[in-house]
Amino acid sequence: MATDMQKFVGTSEEDDDEEMDMDVKEEDDEDEENGEKDIAAQVMMGIDGTMASKSGKNQFQHYQQIDEQVSTPGGGGGPRRSRPLEEKERTKLRERHRRAITARILAGLRRHGNYNLRVRADINDVIAALAREAGWVVLPDGTTFPSRSQGSRPGVGSSAGVSSSSPHLVSQQSPPTSIRGESSAYRTSVEYNSWRMKGVFMPNPSPYDISANAQSQISAMVGDGGEQTEPHPLIVGSFDNINDKQTINIPPKLPERDFSGTTYVPVYVMLPLGVINIKCELVDPDGLLKQLRVLKSANVDGIKVDCWWGIVEAHAPQQYNWNGYKRLFQMVHELKLKSQVVMSFHECGGNVGDDVCIPLPHWVAEIGRSNPDIFFTDREGRRNPECLSWGIDRERVLRGRTAVEVYFDYMRSFRIEFDEFFEDGTLSMVEIGLGPCGELRYPSCPVKHGWRFPGIGEFQCYDQYLLKSLRKTAEARGQPFWARGPDNIGSYNSQPHETGFFCDEGDYDGYYGRFFLNWYSQVLIDHGNWVLSLAKLAFEGTGISVKLSGIHWWYKTASHAAELTAGFYNPSNCNGYASVAAMIMKHGAALNFSCSELLVLDQQVDFADALADPNGLAWQVMNAAWDAGILVASENALPCHDRVTYNKILDRAKPLNDPDGRHFLSFSYLRLNPLLMERQNFMEFERFVKRMHGEGVLDLQV
């Protein structure tokens, strides 16, 4: 790991200790007088410019010394000297240069070191990641101590155990929680009892839902005959060097469910977002063909790809360019793979995981400049051009067409263009984009407007068309003064208890609150109903699906505030997903739910403080779908390369002891990238595919 880090860390010996700062920021400081400087690079480096591999104790003493240097610049406690303007300008330039270096360091850590660092990571995030790699336990409040099972750590000259800062690592170091994700230390003022109210089926815990202590003892794998294989990058082991030979202490094998003979669940791999460029050309077809052949060798059933509205109908209404997709589907057909496609009526860029920028069609943007109310709008009047407002679904504001007519024309063009691939089964499923990120929800948590997890978000109903709908509904109710949005909801990053609307016994459960939330959620259901009715017509004879995301934070509160702003009327005394499921079932569509692996504990905040329950939410949504007779598909919401995460997905895909024998319709892996193609990662993925297919797997033994 140290060698890998040195490739992208670089050296910074010329850094002036007097000008270091503990925060990594992307924007320039307005006040250059302080002369604050980043030290992320120095933390990653030893004194001689190489990675320091100290014991946990010495490592943290080193961090404390750095902290003291920052708090007392130059080692003294006196005030900074006044510097001339030219020196301040030079400092500003050095500051920008160092921040650029820091950004590249953090990007390298995320990409190559498997550190899940947020976009604006600070030095605490880096220190915590290094401490965990050294075998220490770092609690959310910063309390740090050696792991009980750690024992003595290798010295500087020995080979350190392989570890990871993948999402699964945090669960190793956190107190064990129940399968519902409910910690006894965190309760709302109203006792969390939504399971009894909503009648959710919860399967028995699987044998590989291991405790935190057990997880920390998983070791590296060894091949037959005692020959050492490459250590698993996501598994912690105990290594010692004896006479230049490496010995490995291997604890008992982790018990796992046997999925041999179980139902066959197809596995698809989502292609990169930028596989088709803005000119609708297939990017690097030769490289993609090689990767598809590798996937074929692992018996993957097919691929999944976004068909971007902003690429295909970019320049003029009803002028479609499908060239890149033609070449892609022909390639898939020749390899005898299948393809699922997403009708992506939203923009790409600005959300977590987006590495390309694909805006809405240019002609739509031109309309938006003269009539910005075609976009979702928040209470402050900020527009969100990520997708079109549902208020114009039946308004002829898009050069003579309504929004749903635009969607239908696009889908019909796709069906006609690729008729041969529909007929031979190459195109097996069409997912209909219904909102931001292709999901059926309001864009209530836009990062571009300052939202950060676990903020409750804001209602997005302040464009003139949705306000007209609200006014009409309020007048029909006989309460015209209810034709307004609530004014005590806080802001994007508020917490429920900080608001008068979402707090326990807040206005959300009053007469006006129930009226507004019913209207708000009904707009979501009506949008899905109108678009799916036309999608069913366009793709007659082919399966269609709808994607829902898991809005799991604040699920353990009475109001479920984050779900309410996203359009799901799902407080603790109401099953808000039943009406959504009924709408989907009406059109014979499947449900794609993107919260299956549940390894969301690696947030850069105290996860328990968000009162989240992704496990509980997942079972509520899936039970609502299954009870309505809907087929359920899924995909991973976070990167996945380790066996523990795969096991959780398998357990969700094929619930243990389900009395009705229910299972996933299919599973989509997000996504194809070089990290997946690394040898050890791909071996784990191939093993996962076999188990999803109901095949037996034979593990290597010592």
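Analysis parameters
In every chain, residue numbers begin from 1 and rise along the written sequence. Two thresholds apply to this predicted model, a pLDDT of at least 70 for residue-level local features and 80 or more for giving and counting side-chain atom pairs, whereas whole-chain, interface and lining totals are computed over all residues. Only heavy atoms go into the side-chain values, all of them from the structure, while hydrogens and water stay out. Counting from the N terminus, the helices are the DSSP runs of H or I reaching at least four residues and the strands are the DSSP runs of E reaching at least two. Any two residues whose heavy atoms approach within 4.5 Å are treated as being in contact. In short, Shrake-Rupley with a 1.4 Å probe defines the accessible areas, and a residue's cover is counted only from the protein chains shown. Side-chain rings of Phe, Tyr and Trp, where Trp is taken by its six-membered ring, are said to pair if the distance between their centres is within 6.5 Å; with planes under 30 degrees apart they count as stacked, over 60 as edge-to-face, and otherwise as tilted. Residue burial is assigned from relative accessible area. The probe radius is 1.4 Å, only protein chains are included, and a residue is buried under 20% of its type maximum, exposed over 50%, and partly exposed in between. Geometrically, a charge over a ring is one whose NZ (Lys) or CZ (Arg) sits within 6 Å of the ring centre while staying within 35 degrees of the ring normal. One bridge is not enough; two strands pair if DSSP finds at least two bridges between them. Expected span of a helix: the number of residues minus one, times 1.5 Å. By salt bridge we mean one thing: a side-chain nitrogen of Lys or Arg within 4 Å of a carboxyl oxygen of Asp or Glu. Here, axes are lines fitted to C-alpha atoms. For helices the fit covers the stretch in contact, and angles between N-to-C directions go from 0 to 180 degrees. Think of a polar contact as two N or O atoms within 3.5 Å of one another; within protein, one of them needs to be a possible hydrogen donor and the other a possible acceptor, and neighboring residues in sequence only count if both atoms come from side chains. UniProt positions are given in the numbering used here, feature names are shortened, and annotations may be inferred rather than shown by experiment. Count a disulfide wherever a pair of cysteine sulfur atoms falls within 2.5 Å.

Chemist: Can you help me understand the overall build of the chain in this one?
Modeler: Helix and strand counts for the chain stand at 21 helices and 14 strands. For the chain, contacts bridging at least 24 residues in sequence account for 76% of all contacts bridging at least 6. Total accessible area on the chain is roughly 30,600 Å²; 50% of this is exposed by carbon and sulfur atoms.

Chemist: Just to check I follow, could you spell out the packing of aromatic side chains for this structure?
Modeler: Two numbers describe a pair of aromatic rings. These are the distance of the centres and the angle of the planes. If you walk through the whole model with that rule in mind, you get 44 aromatic pairs. When the ring of Phe 481 is compared with that of Trp 482, the centres are 6.1 Å apart and the planes differ by 75°; the resulting orientation is edge-to-face. With a relative accessible area of 54%, Phe 481 lands in the exposed category. Ring centres of Phe 667 and Phe 688 lie 5.6 Å apart, and the angle between their planes is 80°; on these two criteria the pair is classed as edge-to-face. Of this pair, Phe 667 sits in strand 14 (residues 667–669) while Phe 688 sits in helix 21 (residues 679–692), and the two are 21 residues apart along the sequence. Look at Phe 688 and you get buried, because its relative accessible area is 2%. Over the ring of Trp 530 we find Arg 394, and its NZ or CZ is 4.5 Å from the ring centre. Above the face of the Tyr 512 ring, Arg 484 is positioned so that its terminal group lies 4.4 Å from the ring centre.

Chemist: Is there a simple way to think about unusual backbone geometry in this case?
Modeler: For residues that are not glycine, phi is negative in most cases, and the peptide bond is trans in most cases. Look at the link from Phe 453 to Pro 454: it is a cis peptide, with omega at 5°. Of note, Pro 454 is situated in the loop between strand 10 (427–432) and helix 15 (464–477). Cis geometry is adopted by the peptide bond preceding Arg 671, which originates at Leu 670 and carries an omega value of -15°. Residue placement: Arg 671 occurs in the loop between strand 14 and helix 21. Non-glycine residue Cys 280 carries a positive phi angle of around 60°. Relative to the elements of secondary structure, Cys 280 occurs in the loop between strand 5 (267–270) and helix 9 (285–297).

Chemist: Where do I start with the pairing of strand 5 in this structure?
Modeler: Put simply, side chains in a regular strand alternate between the two faces of the sheet. Neither face of strand 5 is open: one carries Val 267 and Val 269, the other Tyr 268 and Met 270, and all of them are buried. As paired elements, strand 5 and strand 14 share three bridges and run parallel to each other. Paired with Tyr 268 across the two strands is Ser 668, which belongs to strand 14. The sheet contact formed by strand 5 and strand 6 (residues 302–308) spans three bridges and is parallel. By the bridge assignment for strand 6, Met 270 is matched with Lys 304.

Chemist: I keep staring at the pairing of strand 13 (residues 632–635) and nothing clicks. Help me out?
Modeler: Residue alternation in strand 13 divides its side chains into two sets, Val 632 and Ser 634 and Ala 633 and Glu 635, and both sets are buried. In terms of strand pairing, strand 12 (residues 590–593) meets strand 13 through three bridges, oriented parallel. Counterpart to Phe 593 in the pairing with strand 13 is Ser 634. Strand direction decides the pairing type here: strand 13 and strand 14, joined by two bridges, are parallel.

Chemist: Hey, could you run me through the environment of Pro 285 in this one?
Modeler: Within the secondary structure, Pro 285 is located in helix 9. On the basis of relative accessibility, which here comes to 17%, the residue Pro 285 falls in the buried class. If we skip the residues at most four places from it in the chain, Pro 285 touches Arg 327 and Met 331.

Chemist: Can you help me understand helix 21 in this one?
Modeler: A turn of α-helix holds 3.6 residues, and therefore any two residues three or four places apart point the same way. Along its 14 residues, helix 21 runs 20 Å from first to last C-alpha, staying within 8% of the 20 Å computed at 1.5 Å per residue. By the criterion of burial, helix 21 is predominantly enclosed, with 10 of the 14 residues buried. Turning to helix 21, its buried residues are Gln 680, Asn 681, Phe 682, Glu 684, Phe 685, Arg 687, Phe 688, Val 689, Arg 691 and Met 692. Buried residues along helix 21 sit in contact with strand 5, helix 9, helix 20 (643–653) and strand 14. Looking at the residues trailing helix 21, positive phi occurs at Gly 694, about 80°.

Chemist: Looking at this structure, how should I read the pattern of salt bridges?
Modeler: Close approach of charged atoms allows side chains of opposite charge to pair. According to the stated counting rule, one finds 24 salt bridges in the structure shown. With its nearest N and O atoms 2.8 Å apart, the salt bridge here joins Glu 431 to Lys 304. Residue Glu 431 is located in strand 10, and its partner Lys 304 is located in strand 6; the two are separated by 127 residues in the primary sequence. For the residue pair Glu 431 and Lys 304, the accessibility class agrees, reading buried in each case.

Chemist: Got a minute to help me understand the sheet that holds strand 10 in this structure?
Modeler: Within a beta sheet, neighbouring strands are joined by backbone hydrogen bonds and run either parallel or antiparallel to one another. Here we have eight strands rolled up into a closed barrel, ordered 5-6-7-10-11-12-13-14, and parallel in their pairing. On average, each strand axis in the sheet is inclined to that of its neighbour by 30°, with strand direction left out of account. Bridge analysis of strand 11 (residues 543–548) against strand 12 gives four bridges, and the strand direction is parallel. Among the inter-strand pairings, Lys 547 is bridged to a residue of strand 12, identified as Asn 592. Together, strand 6, strand 7 (338–344) and strand 10 form the strand contacts of helix 11 (residues 323–334), whose direction differs from that of strand 6 by roughly 170°.

Chemist: Just to check I follow, could you spell out the environment of Glu 256 for this structure?
Modeler: Here Glu 256 lies in the loop between strand 4 (245–249) and strand 5. Along the chain, Glu 256 and Val 644 lie 388 residues apart, while their C-alpha atoms are 9.7 Å from each other. Polar contacts involving the side chain of Glu 256 include one to the side chain of Asn 647, which spans 2.9 Å. A polar atom in the side chain of Glu 256 sits 2.6 Å from the side chain of Arg 687.

Chemist: I tried to follow the UniProt feature "active site" (unreviewed entry) in the chain on my own but got confused; where do I start?
Modeler: Look at the UniProt record and you will see "active site" (unreviewed entry) annotated at Glu 439 and Glu 635. A stretch of 197 residues holds the annotated residues, and the largest C-alpha distance among them is 12.6 Å, short enough that they meet in one place. Checked against the element boundaries, Glu 439 lands in the loop between strand 10 and helix 15. With respect to the secondary-structure elements, Glu 635 resides in strand 13. A residue is classified by how much of its surface remains accessible, and Glu 635, at 3% relative accessible area, is buried. At 2.8 Å, the side chain of Glu 635 and the side chain of Lys 547 are in polar contact.

Chemist: Explanation requested: the state of the cysteines in the structure shown.
Modeler: Here, disulfide denotes a covalent bond that connects the sulfur atoms of two cysteines. In total, this model carries zero disulfides according to the counting rule given. Here Cys 307 stays free of any disulfide, with the sulfur of Cys 280 as its closest cysteine sulfur at 8.6 Å. Distance from the sulfur of Cys 357, which forms no disulfide, to the nearest cysteine sulfur (Cys 348) is 7.5 Å.

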